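Chains, contacts and geometry: an overview
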Amino acid sequence: TDTARNQYFMAMLIDGGRHVLFSGITGTGKTISVQNMLLKGIDRELYASFSFAFSAATSHNQTQEIIDSKLEKRKKGVYGPPVGKKMVIFVDDLNMPKIETYGAQGAIEILRQFMFQGGWYERKTNDFRALVDIQFIAAMGPPGAGKNTITARYARHY
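A quick note: this is a predicted structure, and the numbers were derived from the prediction, not measured. (Residues numbered from 1 in each chain as written. Predicted model: local features only at pLDDT ≥ 70, side-chain atom pairs only at ≥ 80, totals over all residues. Heavy atoms only, no water.)

**Thoughts on the packing of aromatic side chains**
Under the counting rule described, the total for this entry stands at 6 aromatic pairs. Each ring, one from phenylalanine 50 and one from phenylalanine 52, has its centre 6.0 Å from the other, and the planes form 20°; the classification is stacked. With relative accessibility at 10%, the residue phenylalanine 50 sits in the buried group. Taken together, the aromatic side chains of Phe50, Phe52 and Phe54 make up a single cluster linked through ring pairs. When the ring centre of phenylalanine 50 is taken as reference, the NZ or CZ atom of lysine 70 above it lies at 5.5 Å. One cation-aromatic arrangement involves arginine 129 over tyrosine 79; the distance from NZ or CZ to the ring centre is 4.0 Å. (Phe/Tyr/Trp six-rings, centres within 6.5 Å; stacked < 30°, edge-to-face > 60°. Buried < 20%, exposed > 50% of the residue type's maximum accessible area, 1.4 Å probe, protein only. Lys NZ or Arg CZ within 6 Å of the ring centre and 35° of its normal.)

**Here's the deal with the packing of helix H3 (residues 60-69) against helix H4 (residues 106-117)**
Axis separation between H3 and H4 bottoms out at 7 Å; the angle between their running directions is 50°. In terms of axis orientation, H3 runs oblique to H4. Contacts from His60, Thr63, Gln64 and Ile67 in H3 reach Gly106, Ala107, Ile110 and Leu111 in H4. Counted by class, the contact of H3 with H4 contains 4 nonpolar, 4 polar and no charged residues. (Axes fitted to C-alpha atoms, helices over the stretch in contact; angles between N-to-C directions. Helix = DSSP H or I, 4+ residues; strand = E, 2+ residues; numbered from the N terminus. Parallel < 35°, antiparallel > 145°, perpendicular 65-115°, else oblique. Contact = heavy atoms within 4.5 Å. Nonpolar A, V, L, I, M, F, W, Y, C, P; charged D, E, K, R; others polar.)

**Examining helix H1 (residues 2-15)**
With 14 residues, H1 extends 20 Å from end C-alpha to end C-alpha; this agrees with the ideal 20 Å at 1.5 Å per step. Residues of H1 that are buried: Gln7, Met10 and Ile14. Projected onto a plane normal to the axis of H1, the buried residues spread over an arc of 70° and lie on a single side. Of the exposed residues in H1, those oriented more than 90 degrees away from the buried face are Ala4 and Asp15. Contacts made by the buried residues of H1 are with strand E1 (20-23), helix H2 (30-41), strand E2 (47-53), strand E5 (86-92) and strand E8 (134-140). Count one or two residues on from H1 and you reach glycine 17, which has phi positive near 75°. (Expected span 1.5 Å × (residues − 1). Arc of directions from axis to C-beta.)

Shown next, in the form of structure tokens:
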């Protein structure tokens, strides 16, 4: 019943355009629930989706490249999924990236920049890229055993 309840709330939040964060101990079905929703529970006419997982070595550059590679140019400086669709991006093991010297997790900070500013900067030209029609679903375990605490600055966007 927990899985059914999670699926119901996830569907409602996706339809409402909200970001979704699942947190729980290993083995509680976070990843399976999200993958089932993305494979069977969303309308393929309205939504495109893809998934990737963070590791301790995931950097902000890798994160930006992975997401940028799945988006299309809509007009100058604006990128998103194919016209007429919304993109749902699932990030598994959200709190795995290593904490840098000054306390940041670069892979998470690039996602925070998107959620706060609606895009990020192209690394080669320094032009701002607006990202549209995108929402995130993330799953993470409790801090400890290689998993870190995410910042309140990022968590508030869920």
